[in-house]
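Single-letter residue listing:
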Amino acid sequence: MKVAILKLRGILLTSIPIDMNDEDAMAFQADVLRMLSDTEATGLVIDITAMNVVDSYMARVINDTAVQAGMLGAQVVLCGMQPDVALTLIEMGRELIGVETALNLDQAFNRLETMIEEREA
Amino acid sequence: MKNEPGMMVAVTQEWHVARAQRAATALARSVGLSQVAVYSLATSVSELANNLFFHTRVGGTITLRAVRQNGSVGVEIVAEDDGPGIADVDSAMRDGFTTNGGLGVGLPGVKRLMDEFEIESQVGAGTRVVAVIWSAGATLQP
Ligand SMILES: Nc1ncnc2c1ncn2[C@@H]1O[C@H](COP(=O)(O)OP(=O)(O)OP(=O)(O)O)[C@@H](O)[C@H]1O
Ligand SMILES: [Mg+2]
């Protein structure tokens, strides 16, 4: 199963599907990084609205992707975490996700724009 | 505690983790756990199944069953393997302790997410984790 990655004005947008398995996760990570370097995008939004379970493995995939995207010069924002999922994640470990988060896509784009402006200032 | 027959999922390959997780979600929904409890259970099963896959050569089993006590209903997970065992269980239960470059939050996370948690391990013999989540133990009701 391939995860779609869209490009909108220099920002890559991707949505993690509900049933992503570990293999898909690795492919996803590679695809995002390849597309970042191909398109020279300055930002990446990862939407996790569909995800019910963010276990330590998925947290690691998300964090690694963010760190590597950062090395390629992109800012990363995670959005769409459901409140029940956030509760589970806090119990699992407060520092599990070390990525900027936003409530929804709109806020994620605003947040990214500010981050990119700040960096370029 | 009145027990119902359990459902066993063998975890010997990586994709079995997702299968165990789906079975847990379905069981938790069918006994009427709250959404937070369902996600807590699913996350715990995922962590324990990942440990079976990543830390033992042979894999192991996840057994799930509905449990009832004093009018309250819950789901029990038993994760068992005949793998290498854990030399220092106290260390393994600490946040950040890992022997293979993980985040080291799996076991302590499961302990926080579940209402009851027990771990027994013997080097060379294997590991057994038993954890229960109760419907009344959830912090938020829908
Ligand atoms: N079933 C098992 N058999 C043998 N050793 C285990 C088992 N489960 C856990 N361990 C040991 O306990 C340590 C801690 O496990 P824990 O799940 O907390 O972290 P992790 O698996 O290393 O990383 P994470 O779960 O955050 O990806 C492991 O690194 C491993 O050494
Ligand atoms: Mg683990």
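Just so it is clear, the model here is predicted, and its values are computed rather than measured. (Residues numbered from 1 in each chain as written. Chains lettered and ligands numbered in written order. Predicted model: local features only at pLDDT ≥ 70, side-chain atom pairs only at ≥ 80, totals over all residues. Heavy atoms only, no water.)

A. A look at helix α2 (residues 56–71) of chain A. An ideal rise of 1.5 Å per residue puts 22 Å on 16 residues; α2 of chain A measures up with 22 Å between its terminal C-alpha atoms. All of the buried residues along α2 of chain A are Ser-56, Tyr-57, Met-58, Ala-59, Val-61, Ile-62, Asn-63, Thr-65, Ala-66 and Ala-69 of chain A. Looking at the buried residues of α2 of chain A, the elements they touch are α1 (22–39), β3 (43–47), β4 (75–79) and α3 (83–92) of chain A together with α2 (35–55) of chain B. Positive backbone phi, at 90°, marks Gly-73 of chain A, one or two positions downstream of α2 of chain A. (Helix = DSSP H or I, 4+ residues; strand = E, 2+ residues; numbered from the N terminus. Expected span 1.5 Å × (residues − 1). Buried < 20%, exposed > 50% of the residue type's maximum accessible area, 1.4 Å probe, protein only. Contact = heavy atoms within 4.5 Å.)

B. Broad picture of a negative patch on the surface. Residue and element names in this part refer to chain A. On the surface, a cluster of negative charge is contributed by Glu-113, Glu-117, Glu-118 and Glu-120. Counting through the fold element by element, Glu-120 comes out in helix α4 (residues 105–120). Judged by relative accessible area, Glu-120 falls into the exposed class, the value being 59%. (Patch = residues over 30% accessible without salt bridge, like charges linked within 9 Å, V, L, I, M, F, W, Y side chains within 5 Å. Areas by Shrake-Rupley, 256 points an atom, 1.4 Å probe, with all protein chains shown as cover. Salt bridge = Lys/Arg side-chain N within 4 Å of Asp/Glu carboxyl O. Lys, Arg positive; Asp, Glu negative; His and termini not counted. Charge placed at Lys NZ, Arg CZ, Asp CG, Glu CD.)

C. Here's a closer look at the packing of aromatic side chains. For the coordinates displayed, the defined rule picks out 2 aromatic pairs over all chains. Taken together, a centroid distance of 6.2 Å and an interplanar angle of 20° make the contact between Tyr-57 of chain A and Phe-54 of chain B stacked. Here Tyr-57 of chain A is found in helix α2, whereas its partner Phe-54 of chain B is found in helix α2 on a different chain. Residue Tyr-57 of chain A is classed as buried on the basis of its relative accessible area of 10%. Taken together, Tyr-57 of chain A together with Phe-53 and Phe-54 of chain B form an aromatic cluster joined through their ring pairs. (Phe/Tyr/Trp six-rings, centres within 6.5 Å; stacked < 30°, edge-to-face > 60°.)

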